[in-house]
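Notes for the structure review
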Amino acid sequence: MEGDTFSQKSYISNGRKYSTPMPESNPSDFLICGGTTYVPEDGITGAQLMAGGDGLTYNDFILLPGYIDFVPEECDLTSALTKKITLRAPLMSSPMDTVTESNMAIAMALGGGIGIVHHNCSKEYQSMEVSKVKKYQHGFVLDPVVLGPSNVVADVEEVKKKYGFTGIPITDNGKMGTKLVGIVTSRDIDFLLEKGTEGAQMLLSEVMTPVDELVTAKAGVTLQDANHILEKSKKGKLPIINENGDLVALIARTDLKKSREFPYASKDENNQLLVGAAISTREDDKARLEALVMAGVDVVVLDSSQGNSIFQINMIRWIKEKYPNLQIIGGNVVTACQAKNLIDAGVDGLRVGMGAGSICITQEVMAVGRSQGTAVYKVAEYARRFGVPVIADG
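Residues numbered from 1 in each chain as written. Predicted model: local features only at pLDDT ≥ 70, side-chain atom pairs only at ≥ 80, totals over all residues. Heavy atoms only, no water.

Looking now at the sheet that holds strand β10 (residues 217–218). Within a beta sheet, neighbouring strands are joined by backbone hydrogen bonds and run either parallel or antiparallel to one another. Spatially, 3 strands are ordered β10-β11-β12 in an open sheet, and the strand pairing comes out mixed. Strand pairing shows two members of the sheet lacking a second neighbour, β10 and β12 (247–252), which therefore form its edges. Two strands pair when backbone bridges link them, and β10 and strand β11 (residues 237–241) are joined in this way by 2 bridges, in the parallel orientation. Opposite A217, over in β11, you have I240 as the bridge partner. (Pairing = 2+ DSSP bridges. Helix = DSSP H or I, 4+ residues; strand = E, 2+ residues; numbered from the N terminus.)

So this is what it looks like as structure tokens:
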């Protein structure tokens, strides 16, 4: 028929003559989809995949590719860690003594993730590791290391060994919030340390740069204006003082460079790097938590292979009552029922996984657990209804 897509034509194949409807345009259109633009359903949804009740690992399924209209540089991986904390890179380092202390936590935060400092140590050591991270890249440092005029050069060297920097403000009594009298930098003490004991015992009042020679900024200055002052003055540190001349904050020039090198770094509202810490559900870890809060920890992880316990539920409730603004990640869980109990107790995030890690032996020893693919799907499906983010552990 005139105008029909197909016409009756003869063609020869392998020496034989055939007569069959063939498309006027591309034969493959007819052979593949019968000459229509219909696209059949292909694959199954996540809900269909998980509806059978089987336990699936990541190797048991694969995502089908789709259509893209963007380049990799336009991808945004910003993800929720907890109800109030988001990360530019959805990665968190494990709270293990062979994995995360201050150096790893700093590296993770600079890259856009977060590190969780382990608790296989004293509370003093753990809180010190947290403090190192918070002081590493600090914007407005609200609690800088401060010394007094009666301290000696050796004290500055000790601070350098402990924290990795030497730009230290000097106040009249060696405490934050009191009158600024000067500052000590590496330029002030390097040659003195080479003189041995004599140089190391010199008073800071004799070697510091006095306050009248310093560039300072008044309290209330914005971070942008403070950074502009640093760039213009070419100084390494900018003390922030109030109308009485008391030291209230400090800004470091090195932070400007770090901000350019690590534009996706995970930071809090004070421009300090984010850091987490792990604790157990034991009663004596309440004192550990107090030390961590004093050090400035942003989120705590209740480190347990079985999160659905009365011990963890009670600890969550106590933390929320004592430190209502502190973010809590509970776990580990692998079922919606487990997740419900922790969500009801007040967690801000959940760790999912039981026996999924390469060196984890929970499933072998305890004969409990769940395939990680199914565990993540089922817990996330439930937790999302309450705005609680999920972390795939292991």
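The alternating pattern of strand β6 (residues 114–117) places I114 and I116 and G115 and V117 on opposite faces, both of which are buried. Pairing of strand β5 (residues 92–93) with β6 involves 2 bridges; the strand directions are parallel. The residue bridging S93 from the neighbouring strand is G115, located in β6. In terms of handedness, the path from β5 via helix α3 (residues 102–110) over to β6 forms a crossover that is right-handed. As defined by bridge partners, β6 adjoins strand β13 (residues 276–279) across 2 bridges and the pair is classed as parallel. Across the sheet, residue V117 finds its bridge partner in β13, namely A277. (Buried < 20%, exposed > 50% of the residue type's maximum accessible area, 1.4 Å probe, protein only. Right-handed = clockwise from strand over helix to strand, strands pointing away.)

Our focus in this paragraph is the nonpolar core. Counting 41 residues, the largest nonpolar core has V130, I319, I343 and L350 as its most contacted members. At 5 residues, the largest contribution of residues to this core is made by helix α15 (residues 372–383). Sequence-distant contacts of L350, defined by excluding residues within four places in its chain, comprise I329, G330, V333, A339, L342, I343, V379, A383, V388, P389, V390 and I391. Residues V156, V159, I189 and V207 belong to the second largest nonpolar core, which totals 13 residues. (Core = buried A, V, L, I, M, F, W, Y, C linked by side-chain atoms within 4.5 Å. Contact = heavy atoms within 4.5 Å.)

Take D212: it is sitting in the loop between β9 (209–210) and β10. Relative accessible area serves as the criterion here: at 67%, D212 is assigned to the exposed category. On a C-alpha basis, the gap between D212 and V181 in space is 8.3 Å, while along the polypeptide they are 31 residues apart.

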